[in-house]
Amino acid sequence: MEELDLLKKDWKKNENSFKQISENEIYKMIHQNSSSVVKWILIIGIIEFALMTTLGFFTADDNYFVMLKKYHIDTFMSILTILNYVVVISFIFLFYRNFKTISTTDSARKLMKNILKTRKTVQFYVWYNLGMFAMIFFVVLLSTCYYDERMSTMLHDIGEKDNAIWIWTVIIGLTLGMFAAMFAIFWLFYRLVYGFLLRKLHKNYQELKKIDL
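1. Things to note about the overall build of the chain
Consideration 1: A tally of regular secondary structure across the chain gives six helices and zero strands.
Consideration 2: Secondary structure of the chain in N-to-C order comes out as α-α-α-α-α-α.
Consideration 3: Within the span of the chain, comprising 213 residues, buried residues form 29% of the whole.
Consideration 4: The contacts of the chain with a sequence gap of at least 6 include a subset with a gap of at least 24, amounting to 84%.

Next comes the structure, spelled out in structure tokens:
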């Protein structure tokens, strides 16, 4: 009986040891996986910024600036472009800082906190880009309706017709439908790219909660 009791005690000690080792190994894997996910968020952000810069370089020709001046939004778009570059670069810096922070995290609780912080940063980034798209769309639309001669003439003629309300309903419906379709495409892109990475971070967070408990 004494030998059996000693064996049970020894087994319990080993069981605790195995459990501790298992948790340490799980934490290391989650830590490595989280660091990899945040690194990909940083890489995708840089690629997106590079593509945006390249596209802007090739599309900003003389005709583009003439069109902006014609619609009286040249100053607005210039300020908005500079502001957008500053904001996007700031987000990329935050992605880099989150990556460095998570890479050097040394405890499950700190890693959980940094994962939540990273998720919020990415979510703000996505909604900023969607908000920027919506603002540019409606600014360009309104300036076109107001300053484009053919457009203003057409809208004026519609207003003179007896069924103007129905025509306006169709035009507004088509415009909102086009906006919704374009917005959905952008949202789907961010949902697929960043949403996939955020889901992985959320899964890691849930696993860390089990360890921390």
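2. Topic: the confidence of the model for the chain
Consideration 1: Averaged over every residue, the pLDDT of the chain is 83; the share at 70 or more is 87%.
Consideration 2: Residue range residues 1–5 is modelled with pLDDT below 50. Its contacts to residues more than four positions away, or to other chains, number zero contacts.

3. Quick look at the packing of aromatic side chains
Consideration 1: One pass over the structure, following the stated rule, counts 18 aromatic pairs.
Consideration 2: Between Phe91 and Tyr125 the ring centres are 5.2 Å apart and the planes differ by 65 degrees, which places this aromatic pair in the edge-to-face class. In this pair, Phe91 is assigned in helix α3 (residues 74–103) and Tyr125 in helix α4 (residues 108–147), connecting sequence segments 34 residues apart. Of the two residues, Phe91 and Tyr125, neither departs from the other in class, the shared state being buried.
Consideration 3: Centre to centre, the rings of Phe189 and Tyr190 are 5.2 Å apart; their planes meet at 70 degrees, and the pair counts as edge-to-face.

4. Quick notes on the packing of α3 against α4
Consideration 1: At a minimum axis distance of 10 Å, the contact between α3 and α4 shows a crossing angle of 165 degrees. By the angle class used here, α3 and α4 are roughly antiparallel. In the packing of α3 onto α4, the handedness of the crossing is left-handed.
Consideration 2: Each residue belonging to the contact of α3 with α4 can be placed in one class, and the counts come to 20 nonpolar, six polar and two charged.

5. Here we look at the side chain of Ser35
Consideration 1: Following the sequence through the fold, Ser35 ends up in helix α1 (residues 2–59).
Consideration 2: What makes Ser35 buried here is its relative accessible area of 15%.
Consideration 3: Excluding anything up to four places from it in sequence, Ser35 contacts Phe99, Ile102 and Ser103.

6. Quick notes on α3
Consideration 1: A rise of 1.5 Å per residue sets the reference length of α3, with its 30 residues, at 44 Å; its end C-alpha atoms lie 43 Å apart and thus fit the reference within 8%.
Consideration 2: Among all positions in α3, only Met77, Leu80, Asn84, Val88, Phe91, Ile92, Phe95, Asn98, Phe99 and Ile102 are buried.

7. A look at the environment of Ile43
Consideration 1: Mapped onto the secondary structure, Ile43 falls in helix α1.
Consideration 2: Overall, the relative accessible area of 30% leaves Ile43 in the partly exposed class.
Consideration 3: A C-alpha to C-alpha distance of 9.1 Å links Ile43 and Phe95, two positions 52 residues apart in sequence.

8. Considering the nonpolar core
Consideration 1: Ranked by size, the top nonpolar core spans 36 residues in total, and within it Ile41, Tyr194 and Leu208 carry the most contacts.
Consideration 2: No other element matches α4, which puts ten residues into this core.
Consideration 3: What Tyr194 contacts, discounting residues up to four positions off in sequence, is Ile41, Ile44, Gly45, Glu48, Val122, Tyr125 and Val126.

9. Looking at the side chain of Ser34
Consideration 1: Topologically, Ser34 is positioned in helix α1.
Consideration 2: A relative accessible area of 0% means that Ser34 is categorised as buried.
Consideration 3: Setting aside residues no more than four positions away along its own chain, Ser34 makes contact with Ile102, Leu111, Ile115, Leu201 and Asn204.

10. Notes on unusual backbone geometry
Consideration 1: The backbone of His72 shows a phi angle near 60 degrees, a positive value even though the residue is not glycine.
Consideration 2: The residue His72 is located in the loop between α2 (62–70) and α3 in this model.
Consideration 3: A relative accessible area of 51% means that His72 is categorised as exposed.

Parameters at a glance
Residues numbered from 1 in each chain as written. Predicted model: local features only at pLDDT ≥ 70, side-chain atom pairs only at ≥ 80, totals over all residues. Heavy atoms only, no water. Helix = DSSP H or I, 4+ residues; strand = E, 2+ residues; numbered from the N terminus. Buried < 20%, exposed > 50% of the residue type's maximum accessible area, 1.4 Å probe, protein only. Contact = heavy atoms within 4.5 Å. pLDDT = per-residue confidence, 0-100. Phe/Tyr/Trp six-rings, centres within 6.5 Å; stacked < 30°, edge-to-face > 60°. Axes fitted to C-alpha atoms, helices over the stretch in contact; angles between N-to-C directions. Parallel < 35°, antiparallel > 145°, perpendicular 65-115°, else oblique. Left-handed = near helix turned anticlockwise from the far one by under 90°. Nonpolar A, V, L, I, M, F, W, Y, C, P; charged D, E, K, R; others polar. Expected span 1.5 Å × (residues − 1). Core = buried A, V, L, I, M, F, W, Y, C linked by side-chain atoms within 4.5 Å.

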